[in-house]
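Residue strings, one per chain:
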Amino acid sequence: MPCRGFGCRAVLVVLVAAAMAAVTVSACDLTVELSASALAGVATYLTSASGDVEICFDTGTYVDACATSTLAVPDSVTSVVLRPSVVGATIVVTCNTAGESRSATGPLLTMEGSDSDSFSMTGFTFEDFGTEPGSELIVLKAKGVGFDVALDRVELHNMAMSTTGGEACLVCLLHDDSITLFAPTMSVVLSSFASYGHNLDDQAYVLVIGRRPGVANPFDVSVTATGVYLADGTGAGVLIGTSHNIAMCSATVVDFSVTNCDVSGGRSDRSQLRVQHCTATLANAWFADNSGKYGTAIQVESASLTGSNVGMVRNDASQHAAGLDAVSSLVSLGSGCQIVNNTGALPATGLHAADSSLILTDTWVSGNSGNGAAVVAESTTVTLSQTTMERNSGPSGGALRLVSTSVATVTDCYFSDNTVTGAGGAIDVQSGSLTVVTSTFERNSAGGNGGAIAAGSGAVSITGATFSANSAASAGGCVQIYPSATSADIVTSTFSGCSAGSNGGGIRAELGGTSLAFVTIVDST
């Protein structure tokens, strides 16, 4: 059995101490014994309380979470702190029988935050019981301006959820659906949040911050998360944002890890991290050995995502984009990002961007395979710089394929050992335009035309590039320019050791007016 809990996972170190400015109490107003009536007793106490309340739970195991009443914080309480009575200890909330479902109606813990309210939970582990929509674990809703939420050292173990067709989440940090005249605001701070062994159906997420999918009211949310870990689970991971375009959403997520999670049986708009209508920064993230349909690791929709040191490795997609799928978004990956050894189907195996802007800087794209290209741009502007794309394989455009009038600029990049059964061993321009500057293409191969590059559309410009040992079974050992291209200029570039099965060992230019200047072709057949 793998080690579970904060005490045995070195990665789950508290990195951010959540400070709730609105909480003024320094000592516990109530100490709760962990007994079958604990939650009911807390609810009674809170009903008669007002202002700030801090509740310290004695350490131990809460044995009857399924059968007891829910803890609903009344409006009279403006600030809540829930924590163990011993600093650094963990409260375990479970059922009498492992795998039992909650019998109570309503979330286990819920609060509606009005103006300047706050909620803080520290050191809680929920384990081994099931739930369903209407009886989630934690539901916190903002119905005013300035609701502050902090979750520190919160773990979920072997939690199950059956949604019976409705949208749901185990932990839901939401905006009140009934508020339509103004945008409620919520500030969320997460420190060491984890879920292991969860079993959710195709509608559910482990964690939603912002709004449930499908809710169209405006909102305003800011998220700071340090240490989010999901492993060995079934179902979608984390949603930040909303399905609505009237949103003020910003998120900074550091140390995010998802391994061995499966959302392949769910809907196509489910992944392990989904960002919608939000501006997000993601750093030090790792997505490995997960399976899904579209964008298994990350989905970005009508949003902006900037990533550094983000790894998407050995993920699988039954449809496409096992790493990242972006629609109508700005995605910028750099500083050590990697898309490696993912598998998928048409059109992309690693990354797919549609109607978007895609920037890859200092990114490693390697070993992606299946019935698609490693990176596919559809009606998208692509900027690649100082990026290595190697050992990718597919039907055409092993590393990069441009479709639907996409525009790509490739600068100081390295393409090697990419292979395809069709055209364009490294890059295939099916529809769009391509500019290559001071980049290197080595040992790429195509079963059709264009061992390194096949360009059949738009303008092609290659300057200061080096091509060596590329091969094509048909024509254009290094570069194939089709007559359907609008222009082609190759300047100060070197071609060596290239080979083709029919003609154009170095370059095959079928476009009249193709311009070659200061081009060297040697040892090419």
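Only a predicted model underlies this, so the values are computations on that prediction, with no experimental measurement involved. Think of each chain on its own: its residues are numbered from 1, step by step along the sequence as written. The model is predicted, so local features are restricted to residues of pLDDT at least 70 and side-chain atom pairs to those at 80 or more, both for listing and for counting; the totals for chains, interfaces and linings are taken over all residues. Remark: hydrogens and water are excluded; side-chain values derive from all non-hydrogen atoms of the structure.

## Some remarks on the overall build of the protein
Alright, step 1. The helix and strand inventory of the protein stands at one helix and 57 strands.
Alright, step 2. Per-residue burial over the protein gives 56% buried out of 525 residues.
Alright, step 3. Excluding contacts between residues fewer than 6 apart, the proportion of contacts in the protein whose partners are at least 24 apart in sequence is 85%.
Alright, step 4. Using a 1.4 Å probe, accessible areas were evaluated by the Shrake-Rupley method; residue-level cover was limited to the displayed protein chains. Entry remark: accessible area of the protein is about 17300 Å², with carbon and sulfur atoms responsible for 51%. In this text, helices come from DSSP runs of H or I with a minimum length of four residues, and strands from runs of E with a minimum of two, each type numbered from the N-terminal end. Remark: exposure states derive from per-residue accessible area (1.4 Å probe, protein chains only) relative to the maximum for the residue type, with buried under 20%, exposed over 50%, and partly exposed in between. Any two residues having at least one pair of non-hydrogen atoms within 4.5 Å are treated as being in contact.

## Regarding the sheet that holds strand S16 (residues 199-200)
Alright, step 1. Pairing between two strands is assigned when DSSP locates at least 2 bridges connecting them. Read from one edge to the other, the open sheet built from four strands follows the order S7-S10-S13-S16, with strand pairing classed as parallel. Here the strands that pair on one side only, and so sit at the sheet edges, are strand S7 (100-101) and S16.
Alright, step 2. Sheet topology note: the S7/strand S10 (residues 129-131) ladder contains two bridges and is parallel. Bridging from a neighbouring strand, serine 101 pairs with glycine 130 of S10.

## Section: the sheet that holds strand S46 (residues 445-446)
Alright, step 1. On the basis of which strands lie adjacent, the open sheet formed by five strands has the order S38-S42-S46-S50-S54 and parallel pairing. Each end of this open sheet is capped by a strand with a single partner; those strands are strand S38 (393-394) and strand S54 (499-500).
Alright, step 2. As paired strands, strand S42 (residues 419-420) and S46 are joined by two bridges and run parallel to one another. Each bridged residue has a counterpart across the sheet, and for valine 420 the counterpart in S46 is alanine 446.

## What to know about the pairing of strand S12 (residues 147-157)
Alright, step 1. By the criterion of burial, S12 is predominantly enclosed, with ten of the eleven residues buried.
Alright, step 2. Here strand S9 (residues 118-127) pairs with S12 via nine bridges, running parallel. Within S12, the position partnered with glutamate 127 by the bridge is histidine 157.
Alright, step 3. Sheet topology note: the S12/strand S15 (residues 185-196) ladder contains ten bridges and is parallel. Bridging across to S15, alanine 150 finds its partner in valine 189.

## Examining the confidence of the model for the protein
Alright, step 1. When pLDDT is averaged along the protein, the result is 86; 87% of the residues meet or exceed 70.
Alright, step 2. Every residue gets a pLDDT, meaning the predictor's confidence in that residue, from 0 to 100. Residue range residues 1-26 is modelled with pLDDT below 50. Its contacts to residues more than four positions away, or to other chains, number 53 contacts.

## Brief notes about the state of the cysteines
A covalent bond bridging the sulfur atoms of two cysteines is what the word disulfide describes.
Alright, step 1. By disulfide we mean two sulfur atoms from cysteines, separated by a distance within 2.5 Å. If you walk through the whole model with that rule in mind, you get three disulfides.
Alright, step 2. The residue that forms a disulfide with cysteine 478 is cysteine 498, at a sulfur-sulfur distance of 1.8 Å. Of the two residues, cysteine 478 is situated in the loop between strand S50 (471-472) and strand S51 (479-481) and cysteine 498 in the loop between strand S53 (494-496) and S54; the sequence distance between them amounts to 20 residues.
Alright, step 3. The exposure class assigned to cysteine 478 is buried, which follows from its relative accessible area of 0%.

## Here we look at the pattern of salt bridges
Alright, step 1. By convention in these notes, a salt bridge is any Lys or Arg side-chain nitrogen within 4 Å of a carboxyl oxygen on Asp or Glu. Per the counting criterion, the structure on display carries nine salt bridges.
Alright, step 2. A salt bridge links glutamate 54 to arginine 83; the nearest nitrogen and oxygen atoms lie 2.6 Å apart. With glutamate 54 in strand S2 (residues 51-57) and arginine 83 in strand S5 (residues 77-84), this residue pair connects regions lying 29 residues apart in the sequence.
Alright, step 3. Residue arginine 83 is classed as partly exposed on the basis of its relative accessible area of 21%.
Alright, step 4. The partner of glutamate 510 in a salt bridge is arginine 508, and the shortest N-O contact between them spans 3.5 Å.
Alright, step 5. According to the relative accessible area criterion, glutamate 510 is partly exposed, its value standing at 35%.
Alright, step 6. By relative accessible area, which is 24% here, arginine 508 ends up partly exposed.

## Quick word on the environment of glycine 398
Alright, step 1. By the secondary structure assignment, glycine 398 is in the loop between S38 and strand S39 (400-403).
Alright, step 2. Note: C-alpha distance between glycine 398 and alanine 423 (25 residues apart in sequence) is 8.9 Å.
Alright, step 3. Discounting chain neighbours no more than four positions away, the residues touching glycine 398 are Ala373, Ala374, Asn392, Ser393, Thr419, Val420, Gly424, Gly425 and Ala426.

## As for unusual backbone geometry
Working note: non-glycine residues mostly have negative phi, and peptide bonds are mostly trans.
Alright, step 1. Here the amide bond leading from leucine 346 into proline 347 is cis, since omega sits at 0 degrees, within 30 degrees of zero.
Alright, step 2. Summarising the element assignment, proline 347 is placed in the loop between strand S30 (343-344) and strand S31 (348-354).
Alright, step 3. Phi at asparagine 341 is positive, roughly 60 degrees, even though this residue is not glycine.
Alright, step 4. Inspection of the secondary structure puts asparagine 341 in the loop between strand S29 (338-340) and S30.
Alright, step 5. Using a relative accessible area of 39% as the deciding quantity, one classes asparagine 341 as partly exposed.
Alright, step 6. Even without glycine at this site, aspartate 523 takes up a positive phi of about 50 degrees.
Alright, step 7. By the secondary structure assignment, aspartate 523 is in the segment after strand S57 (520-522).
Alright, step 8. Residue classification places aspartate 523 among the exposed residues on the basis of a relative accessible area of 69%.

## Some thoughts on the environment of histidine 175
Alright, step 1. By the element assignment, histidine 175 lies in strand S14 (residues 168-175).
Alright, step 2. Considered as a pair, histidine 175 and arginine 211 are 36 residues apart in the sequence and their alpha carbons are 6.0 Å apart.
Alright, step 3. The contact partners of histidine 175, leaving out residues within four places of it in the chain, are Ala142, Pro184, Thr185, Met186, Gly210, Arg211, Phe219, Asp220 and Val221.
Alright, step 4. A polar contact of 3.1 Å, which involves the side chain of histidine 175, links it to the backbone oxygen of aspartate 220. Identification of polar contacts relies on pairs of N or O atoms within 3.5 Å, with a donor-acceptor requirement for protein atoms, meaning one able to donate a hydrogen and the other able to accept it, and with residues adjacent in sequence counted only if both atoms are side-chain atoms.

## Some thoughts on the packing of aromatic side chains
Alright, step 1. Here a Phe, Tyr or Trp ring, Trp counted by its six-membered ring, pairs with any other such ring whose centre lies within 6.5 Å, and the pair is stacked when the planes are under 30 degrees apart, edge-to-face when over 60, and tilted otherwise. Enumeration according to the criterion identifies six aromatic pairs in this entry.
Alright, step 2. Ring plane angle 5 degrees and centroid distance 4.7 Å describe the contact between phenylalanine 415 and phenylalanine 441, whose orientation is recorded as stacked. With phenylalanine 415 in strand S41 (residues 414-416) and phenylalanine 441 in strand S45 (residues 440-442), this residue pair connects regions lying 26 residues apart in the sequence.
Alright, step 3. Taking relative accessible area as the criterion, phenylalanine 415 reaches 0% and is therefore assigned buried.
Alright, step 4. A centroid spacing of 4.8 Å and a plane angle of 5 degrees characterise the contact between phenylalanine 441 and phenylalanine 467, whose relative ring orientation is stacked. Of this pair, phenylalanine 441 sits in strand S45 while phenylalanine 467 sits in strand S49 (residues 466-468); the two residues are 26 residues apart in sequence, bridging distant segments of the chain.

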